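# Structural features, examined
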Amino acid sequence: MRIVDLLKKEAVVLNAEVSTKEQMLDLLVDLHKEVGNIKDKAAFKAGIMKRESEGPTAIAEGICIPHSKNEAVINPGIAAITVPSGVDCAALDGEPSNLFFMIAAPAEGSDVHLEALSRLSTILMDPAFREKLLSAKDVDAFLAAIDEKETEKYGEEDKAAQAAEAPAKKAGYQVLAVTACPTGIAHTYMAAEAIMKVCKERGYKCKVEKQGALGLEDKLRDRDIKEADLIVFANDVGLTKAERFEPYKDKIFQTKPHEVIKDPNIIFSGK
């Protein structure tokens, strides 16, 4: 599943003229209807508003990703708009949002909205990429930027996954991490991306287990846990299978997802 496969050109509006959250949501719902992703705007928006009532989908850093798994959805898809001037969507960092991706997923079938949300949350952590989207001169350039970033990011992850499944004699990881947040979606993946990025910058081989809405992704192996120099827990909910780490308490650094997103170097504060 790729973002560019779910995002039709006709479902993208750059420099949208909206000034309120309500206008933003209405425009994105309209785009889904226009490209044939939904059959009933009122029913789909009701699902969107229900999710909004559970907590803001405006994450931080100008990113807002409203979403719904909904009976009104015919085809899974994404609609996107940019609003350079920003819209107040009660983001967790208190700042206006300017990049909006609305995910529509059918009520039956796989959790495509969670997969798309995790991927968007990850690639949008890159400020240069966000700026590239906001400054795109047309929709073709906007989609090309997403395609390029996805290929860059997930091509590397596929190689890492293959390496992780290789025989145990392969060189181990120096830094391991486990991320988890109450919803198991955005902050879980944003924290993982922040940790991977800072480790790469410092020259450390790193692997992150995401305990999210899709279950345990990139599960850490017992051998890796034993051989790692540092194990980071970035969680504000209980961890699954935490007993694996019990013998290695002296290697664990405990933090929260929002803390590591704000300053990923915090994981090395005890070294």
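The coordinates are above.
What this report covers is the structure whose coordinates are included nearby. Residue positions within a chain follow its written sequence, with the count starting from 1. Under the rules for a predicted model, residues below a pLDDT of 70 receive no local features and side-chain atom pairs below 80 are neither given nor counted, while totals for whole chains, interfaces and linings still include all residues. Side-chain numbers here rest on the full set of heavy atoms in the structure, without hydrogens or water.

Here we come to the pattern of salt bridges. The salt bridge definition used is simple: a Lys or Arg side-chain nitrogen within 4 Å of an Asp or Glu carboxyl oxygen. What the rule picks out here adds up to 19 salt bridges. The salt bridge partner of R130 is E61, with a shortest N-O separation of 3.4 Å. Placement of R130 in helix α5 (residues 127–134) and of E61 in the loop between α3 (41–53) and β2 (63–64) is noted, with a sequence separation of 69 residues between them. For D218, the salt bridge goes to K210, with nearest N and O atoms at 2.6 Å. Secondary structure elements follow DSSP: runs of H or I no shorter than four residues count as helices, runs of E no shorter than two count as strands, and numbering proceeds from the N terminus.

Right, let's get into the nonpolar core. Within the largest apolar cluster, 54 residues are counted, with the highest numbers of intra-cluster contacts made by F101, L124, F142 and I195. Sort the elements by how many residues they give to this core and helix α7 (residues 186–202) lands first, with eight residues. Only heavy atoms matter for contacts: two residues are in contact if any of them lie within 4.5 Å across the pair. Filtering out sequence-adjacent residues up to four positions away, F142 remains in contact with L7, V12, L14, A80, T82, L99, F101, L133 and A136. Definition used in this section: a nonpolar core is a set of buried Ala, Val, Leu, Ile, Met, Phe, Trp, Tyr and Cys residues joined via side-chain atoms within 4.5 Å. Only protein chains enter the calculation, and the probe is 1.4 Å; a residue is then buried if its accessible area is under 20% of its type maximum, exposed if over 50%, and partly exposed in between.

What follows is about α5. F129, R130, L133 and L134 are the residues of α5 that are buried. All buried residues of α5 lie within an arc of 140° about the axis, which places them on one face of the element. In protein, a polar contact means a hydrogen-donor-capable atom and an acceptor-capable atom, both N or O and within 3.5 Å, with residues adjacent in sequence counting only if both atoms are side-chain atoms; elsewhere, any N or O pair within 3.5 Å suffices. If you check the start of α5, you find a side-chain oxygen 3.0 Å away from the backbone N of A128, and it comes from D126. To obtain the arc, one takes the directions from the helix axis to the C-beta atoms.

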